[in-house]
Amino acid sequence: MEKSKKTKSLKAPHTFVILMIIILIATALTYVIPAGEYTRYEDAATGRTLVEAGSYHTIDSSPVSFLAIPTKIYNAIVAAAETMTFIIIIGGAFEIVTSTGALTALCKKLSVLFRKHEMLVIPAFLVLFSVFGCTMGMSAEVMVFVPIGITLAYSLGLDKVTGTAMIAMGAASGFTAGLLNPFNVGVAQSIAELPLYSGLAYRAVILVILLIADTLYITWYAKRVKKDPTKSIIYGEIEEDSYSFGEIEDNMSIRQILVLITVVVCFAILIYGLTALGWYFEEMSSIFIFMGIIAGFVYGYGPSKIATVFGKGAQNLLVGALIVGVARTVEVVLSDASILDTIIYAIASVVNLLPHSLQAVGMFISQSLVNCVITSGTGQAAVTMPLMVPVADLVGVSRQTAVLAFQLGDGFSNSVLPTSSALMGYLAVSKIPYTKWLKFMFPLFLIWTLLGCGFMLGAIAIGY
């Protein structure tokens, strides 16, 4: 009884509580950090709003009242409405698909195929989703594939942390390496006036190293869980925090095959739309609505049954969707108080003071810090690259290396920051508590960070 009470007292706080603490700290900082801003202008060639280097100036302070926090939360939720709506629609659509048993039946077939080599699933999924990440910039979109990874992991005797990680970390590594990623490397190189996607060979080496690190770490974790389920990060979680798939059928019915064909066709259309047509949340949401309805009909559900199951799935992800919106509040608070530019100016100034041999590493670390308040890769590039490019020119660091610092700093921390919509999105879908995920992910994040420092030193060494 005493041990039970102690365990209960040490239970990690809810994600909302963690976010509220961060919001309160951000609000307090608006009273301490002076307000300032850079002059911004619209680039005639690209139409992007950029920051004019050297234009920082202080302005009148406008701290955010603590009484205004609920309003800021509301504004942040409105600003994140697209992402939140997408998460809710995914929940409804996948609830219909999973309720048919088609995914679990498929994963049982795959588990038989990989029964003696289940650990090969991890590098296979990591490589597959790294391709999506480094070509079409998959980040928040990865949440739609997480249920498939979790189902397969469960069927192989692994946990949902492994199933989530082998998909999300593959996409994250690909996004960070950014071989042909238009959202980070593409934007940053255009601002830095570099040939588009130049320096690809070194980024390919980075991707391979990251995938090797991912595979070794996730496989090590998966083997521990396979041997002893109590080693799972989420062992002992109460039922409402578990991902339930129902019973796995021994044989796949014709209707289940039709459901899988529907899913494959919809995903093929989705990938084509993302890569060739520039689709985003609006179009993706439409595809998933169609997928859910068609899957329900081919399985034999009536309209009312489809609506009921869709509503159940949407309801299950409502809290997760709200977490994504609330996480956006930090950026809203700092931006409304006009201290965001001040933070960026201070970071850029510190980098300029570092010894030459460490300036590239300093640029990488500074970009990671900026990512704490600006989690959008495109937005971070628009704000920081016009500042970092002149700094790089002044201290003798190449512009290509400055872009590399940005992409590594932007990419790695998105897998641990509670303000990252991509992270909160796939945690909402997988129903893994943030604190549990952080316990799993933090060692890999440290490995990534050390590798990132090595990549920056390597870039200096080879004259990248």
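Residues numbered from 1 in each chain as written. Predicted model: local features only at pLDDT ≥ 70, side-chain atom pairs only at ≥ 80, totals over all residues. Heavy atoms only, no water.

Participant: Would you explain helix α2 (residues 15–29) in this entry?
Facilitator: An α-helix turns once every 3.6 residues. As a result, residues three or four positions apart point the same way. With 15 residues, α2 ought to run about 21 Å at 1.5 Å a step, and its terminal C-alpha atoms sit 21 Å apart, in line with that. Of the residues making up α2, those classed as buried are Thr 15, Ile 18, Leu 19, Ile 23, Ala 26 and Thr 27. In this fold, the buried residues of α2 make contact with α3 (69–79), α14 (318–327), α15 (329–336), α20 (421–430) and α21 (434–462). (Helix = DSSP H or I, 4+ residues; strand = E, 2+ residues; numbered from the N terminus. Expected span 1.5 Å × (residues − 1). Buried < 20%, exposed > 50% of the residue type's maximum accessible area, 1.4 Å probe, protein only. Contact = heavy atoms within 4.5 Å.)

Participant: I tried to follow the packing of aromatic side chains on my own but got confused; where do I start?
Facilitator: By convention here, two paired aromatic rings are described through the distance between centres and the angle between planes. This structure, assessed with the given rule, holds 18 aromatic pairs. Centroid distance Tyr 217 to Trp 220: 5.8 Å. Interplanar angle 35 degrees. Geometry classified as tilted. Linking Tyr 217 with Trp 220, this pair stays in helix α10 (residues 200–227), spanning three residues, or about one helical turn. Here a set of aromatic residues connected by ring pairs shows up, and it is made of Tyr 217, Trp 220, Tyr 221, Tyr 426, Trp 437 and Phe 440. Against the face of Tyr 301 rests Lys 305, its NZ or CZ located 5.4 Å from the ring centre. (Phe/Tyr/Trp six-rings, centres within 6.5 Å; stacked < 30°, edge-to-face > 60°. Lys NZ or Arg CZ within 6 Å of the ring centre and 35° of its normal.)

Participant: Got a minute to help me understand the pattern of salt bridges in this structure?
Facilitator: Pairing between side chains of opposite charge can happen when their charged atoms approach one another. In the structure shown here, the tally under the stated rule is three salt bridges. Across the pair Lys 72 and Asp 336 runs a salt bridge, and its minimum N-O distance is 2.8 Å. Of this pair, Lys 72 sits in helix α3 while Asp 336 sits in helix α15, and the two are 264 residues apart along the sequence. Look at Lys 72 and you get buried, because its relative accessible area is 15%. The shortest N-O distance in the salt bridge between Lys 312 and Glu 95 comes to 3.9 Å. Highlighted residues: Lys 312 in helix α13 (residues 303–316) and Glu 95 in helix α4 (residues 81–99), separated in sequence by 217 residues. On the basis of relative accessibility, which here comes to 19%, the residue Glu 95 falls in the buried class. (Salt bridge = Lys/Arg side-chain N within 4 Å of Asp/Glu carboxyl O.)

Participant: How do you make sense of α14 when you look at a structure like this?
Facilitator: Within α14, seven of the ten residues are buried, which leaves it mostly tucked inside the rest of the structure. What α14 keeps buried is the set Gly 320, Ala 321, Ile 323, Val 324, Gly 325, Val 326 and Ala 327. Packing partners of the buried residues in α14 comprise α2, α3, α4, α15 and α20.

Participant: Would you mind showing me how to read the nonpolar core here?
Facilitator: Soluble globular proteins tend to pack their nonpolar side chains together in the buried interior. Counting residues in each nonpolar core, the largest one holds 135 residues, and the members touching the most others are Met 169, Phe 288, Tyr 426, Trp 437 and Phe 440. Beyond its immediate stretch of four places on either side in the chain, Tyr 426 contacts Val 142, Met 143, Val 146, Thr 164, Ala 168, Met 169, Ser 415 and Trp 437. (Core = buried A, V, L, I, M, F, W, Y, C linked by side-chain atoms within 4.5 Å.)

Participant: Whenever I open this one, the side chain of Gln 367 confuses me. Can you help?
Facilitator: On the secondary structure map, Gln 367 appears in helix α17 (residues 356–370). Residues contacting Gln 367, with those up to four places away along its chain left out, are Gln 380, Thr 384, Met 385, Met 388, Ala 405, Phe 406 and Gly 409.

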